[in-house]
2 protein chains.
Amino acid sequence: VEPRVSFITLGVTDLTRATRFYTEVLGLPLLPSSAEQVSFFAMGDLRLALYPRPLLAADAGMSDTSLQSVGPPAFSLSHNVDSIAAVDALLSHVDQHAEEFGCRRTRAGATADWGGYTGYFADPDGFLWEVAWNPNG
Amino acid sequence: VEPRVSFITLGVTDLTRATRFYTEVLGLPLLPSSAEQVSFFAMGDLRLALYPRPLLAADAGMSDTSLQSVGPPAFSLSHNVDSIAAVDALLSHVDQHAEEFGCRRTRAGATADWGGYTGYFADPDGFLWEVAWNPNG
């Protein structure tokens, strides 16, 4: 395996809501290659795809039920920002949209044992994002 | 949000088994920054981290129970290879280690509607990887 990830696909329950969250709340530009059943975003060299969960399940050879979880999936995506203030600002920004989108800050910003400053939010489907400031750049 | 993902962290139930799968079965080089409680791999500009699920839950401000799922998490990571044969070879390779690691091919290689050739496997914790050949490179 050549070490490369080309796509991260999140299986979402409401594609419209999830797409609005990533564009309107997080401000990510939707790629023109997006279609009715899939939303694409560029994250550097990586592509983030939002895809209805039943379609992801079918594509992966799984039943939608087997892909259903009782809680948030046990993984996180990390996003680095350039200051402690930016960590707090993004977490607050997401939390302000909790009512409309079902997103929320799950852990407020705090100093990490490795010297950085991090916090977490959950997107409308419960997918966890760590927001991190790294003193080493 | 500047569009960048710096880390993908998978919350695993058995760090030793998961680390052995990614090094021995997938052949990824373990980074020297890895420690007793975390394994790091470079995937291009991205870092893949394997981290015990209870520690990820605590870091994210969640209970481990809430992070527990009844099935595989509803997301997939995609890995591009350079031929149809390479898709089939990697899926077979993973499937041959099913007994030892609990990994398995979940969907055999097949032509996708966009013209590529893809299949899926689940890692020892059920995390889904799509293996894809893209005719457009």
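Residues numbered from 1 in each chain as written. Chains lettered and ligands numbered in written order. Predicted model: local features only at pLDDT ≥ 70, side-chain atom pairs only at ≥ 80, totals over all residues. Heavy atoms only, no water.

Asks: What am I meant to see in the interface of chain A and chain B here?
Replies: By a widely used convention, the size of an interface equals the accessible area lost when the partners come together. Taken residue by residue, the interface counts 48 residues in chain A and 48 residues in chain B. At the boundary of chain A with chain B, total buried surface from both sides reaches about 4100 Å², with 60% on carbon and sulfur atoms. Our count for the chain A to chain B interface comes out at 2 salt bridges. Here Arg 107 of chain A makes a salt bridge to Asp 59 of chain B, at a shortest N to O gap of 3.2 Å. (Contact = heavy atoms within 4.5 Å. Buried area = accessible area lost by both parts, 1.4 Å probe. Salt bridge = Lys/Arg side-chain N within 4 Å of Asp/Glu carboxyl O.)

Asks: What is the right way to look at the pattern of salt bridges in this model?
Replies: Pairing is possible between side chains of opposite charge, provided their charged atoms come close. Across all of its chains, the model carries 10 salt bridges over all chains by this definition. A salt bridge links Glu 24 of chain B to Arg 20 of chain B, with the shortest nitrogen-to-oxygen separation between them at 2.9 Å. Placement of the pair is Glu 24 of chain B and Arg 20 of chain B together in helix 1 (residues 15-25), with a separation of 4 residues, close to one helical turn. Arg 20 of chain B is the salt-bridge partner of Glu 100 of chain B, the closest N and O atoms lying 2.8 Å from each other. Residue Glu 100 of chain B is found in helix 5 (residues 98-101), and its partner Arg 20 of chain B is found in helix 1; the two are separated by 80 residues along the sequence. Relative accessible area serves as the criterion here: at 32%, Arg 20 of chain B is assigned to the partly exposed category. Beyond isolated ion pairs, a larger network of salt bridges with shared partners links Arg 20, Glu 24 and Glu 100 of chain A. (Helix = DSSP H or I, 4+ residues; strand = E, 2+ residues; numbered from the N terminus. Buried < 20%, exposed > 50% of the residue type's maximum accessible area, 1.4 Å probe, protein only.)

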